[in-house]
Amino acid sequence: MSDVKILIVDDDLNICELLRLYLEKNGFTTVLAHDGQSAVSIFNDSKPDLVLLDIMLPRLDGWQVCREIRKVSDAPIIMLTAKGETFDKVLGLELGADDYITKPFDTKEVIARIKAVLRRTKQTTASNTDVVEYDKLTINLTNYELIVDGKIIDTPPKELELIFHLASNPNRVYTRDQLLDEVWGFDYYGDSRTVDVHVKRLREKLENVSDKWSLKTVWGVGYKFEVK
């Protein structure tokens, strides 16, 4: 893991130092930031492979930092939140966060989560040459394009990954928890509402495009990409 660089963003210097020590002990390279504006600047300069991002930050909060990073990069982001803080998991997911950890945390859990997210990211990158095509529909993960009836449709990364996952396995029914696990990686902490939100948005883009396939709800179970 020595070639993996992690940006740690927290205004608590003790937490930053603790994370730095444990991450470097486990072979990671680290860079630190203590406020939101510095985090964005350091991210752009150092191009880390993963970001540990506290929510409550001076200057820019974690949500704003997440938005700024997502404008330029798909690097995985793990949000850090204090126990008892209001934390909307759906908001985090929709902004592009890959996971979250609640403070106080066990450093072994942090390492495990980081490795799990990096594994998933590596798998996604490896499959990014994939293109799925159906009648009037092309889902291209190489350049993250959704082409509907010949037109490129502006689609957030997670929506594209969700429809790609479903369309890659036509007629297979997925539960919401399975989709959270396999698309977002929220195997224990996901909120199934976010799947519904993403499916609803995809339906708005795909409804009535073709009579040869459709994005179907399987009541009481989940969703499937149905091919007739």
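Residues numbered from 1 in each chain as written. Predicted model: local features only at pLDDT ≥ 70, side-chain atom pairs only at ≥ 80, totals over all residues. Heavy atoms only, no water.

With 10 of 11 residues buried, helix 6 (residues 157-167) is to be regarded as a mostly interior element. Along helix 6, the residues that are buried comprise Lys158, Glu159, Leu160, Glu161, Leu162, Ile163, Phe164, His165, Leu166 and Ala167. (Buried < 20%, exposed > 50% of the residue type's maximum accessible area, 1.4 Å probe, protein only. Helix = DSSP H or I, 4+ residues; strand = E, 2+ residues; numbered from the N terminus.)

Our next topic: the nonpolar core. Core analysis: the biggest nonpolar cluster contains 26 residues, and Leu137, Ile139, Leu146, Leu162, Ile163, Leu179 and Leu206 have the highest contact counts within it. Among the secondary structure elements, those contributing two or more residues to this core are strand 7 (137-140), strand 8 (145-148), helix 6, helix 7 (176-184), helix 8 (193-206), strand 11 (213-218) and strand 12 (222-227). By residue number, the principal contributor to this core is helix 6, which donates 6 residues. If you look at the next biggest cluster of nonpolar residues, it comprises 21 residues, including Val51, Trp63, Ala75 and Ile77. (Core = buried A, V, L, I, M, F, W, Y, C linked by side-chain atoms within 4.5 Å.)

For the coordinates displayed, the defined rule picks out 2 aromatic pairs. Aromatic pair Trp213 and Phe225: ring centres 5.5 Å apart, planes at 20°, arrangement stacked. Taken together, the positions of Trp213 in strand 11 and Phe225 in strand 12 put the pair 12 residues apart, joining distant regions of the chain. Judged on exposure class, the residue Trp213 and its partner Phe225 are both buried. Taken together through their ring pairs, the aromatic side chains of Tyr134, Trp213 and Phe225 make up a single cluster. (Phe/Tyr/Trp six-rings, centres within 6.5 Å; stacked < 30°, edge-to-face > 60°.)

Now for the environment of Leu19. By secondary structure assignment, the location of Leu19 is in helix 1 (residues 13-25). Along the primary structure Leu19 and Thr30 are separated by 11 residues, whereas in three dimensions their C-alpha atoms are 9.0 Å apart.

The subject of this paragraph is the pattern of salt bridges. Counting across every chain of the model gives 13 salt bridges. For Arg70, the salt bridge identified is with Asp98, shortest N-O distance 3.2 Å. Taken together, the residues Arg70 in helix 3 (residues 62-72) and Asp98 in the loop between helix 4 (89-95) and strand 5 (99-103) connect sequence positions 28 residues apart. Like Arg70, the residue Asp98 is buried in the burial classification. Residues Glu161 and Lys158 are paired through a salt bridge, measuring 2.9 Å at the closest nitrogen-oxygen approach. Taken together, the residues span about one helical turn, with Glu161 and Lys158 both in helix 6 at a distance of 3 residues. Taken individually, Glu161 and Lys158 each receive the classification buried, so the pair is uniform in this respect. The network of salt bridges with common partners includes Asp10, Asp54 and Lys103. (Salt bridge = Lys/Arg side-chain N within 4 Å of Asp/Glu carboxyl O.)

Now for unusual backbone geometry. Cis geometry is adopted by the peptide bond preceding Pro104, which originates at Lys103 and carries an omega value of -5°. With respect to the helices and strands, Pro104 occurs in the loop between strand 5 and helix 5 (107-126). Despite not being glycine, Lys136 has its phi angle at roughly 60°, a positive value. Its place among the elements puts Lys136 in the loop between strand 6 (131-134) and strand 7. With a phi angle near 50°, Tyr144 is a residue other than glycine that sits in the positive phi range. Summarising the element assignment, Tyr144 is placed in the loop between strand 7 and strand 8. Since its relative accessible area comes to 23%, Tyr144 is described here as partly exposed.

We now examine the packing of helix 6 against helix 8. Two packed helices can be described by the angle between their axes and the distance between those axes. Where helix 6 contacts helix 8, the two axes come as close as 10 Å, and the packing angle between them is 80°. Relative to helix 8, the element helix 6 is oriented roughly perpendicular. Of the residues in helix 8, those in contact with Lys158, Glu159, Leu162 and Ile163 of helix 6 are His198, Val199, Arg201, Leu202, Lys205 and Leu206. When the residues that make up the contact of helix 6 with helix 8 are grouped by side-chain class, the tally is 5 nonpolar, 1 polar and 4 charged. (Axes fitted to C-alpha atoms, helices over the stretch in contact; angles between N-to-C directions. Parallel < 35°, antiparallel > 145°, perpendicular 65-115°, else oblique. Contact = heavy atoms within 4.5 Å. Nonpolar A, V, L, I, M, F, W, Y, C, P; charged D, E, K, R; others polar.)

A separate point is the pairing of strand 2 (residues 29-33). Here 5 bridges tie strand 1 (residues 5-9) to strand 2, and the two strands are oriented parallel to one another. Bridge pairing links Leu7 to Val31 in strand 2. (Pairing = 2+ DSSP bridges.)

Right, let's get into the sheet that holds strand 12. As summarised here, the arrangement of the 3 strands in space is 10-12-11, forming an open sheet in which the pairing is antiparallel. The open sheet terminates on both sides in strands that have one partner only, identified here as strand 10 (174-175) and strand 11. In the sheet, strand 10 pairs with strand 12 via 2 bridges, with the strands oriented antiparallel. Counterpart to Thr175 in the pairing with strand 12 is Gly222. The strands that helix 6 touches are strand 10, strand 11 and strand 12; relative to strand 12, the one it contacts most, it runs at about 60°.

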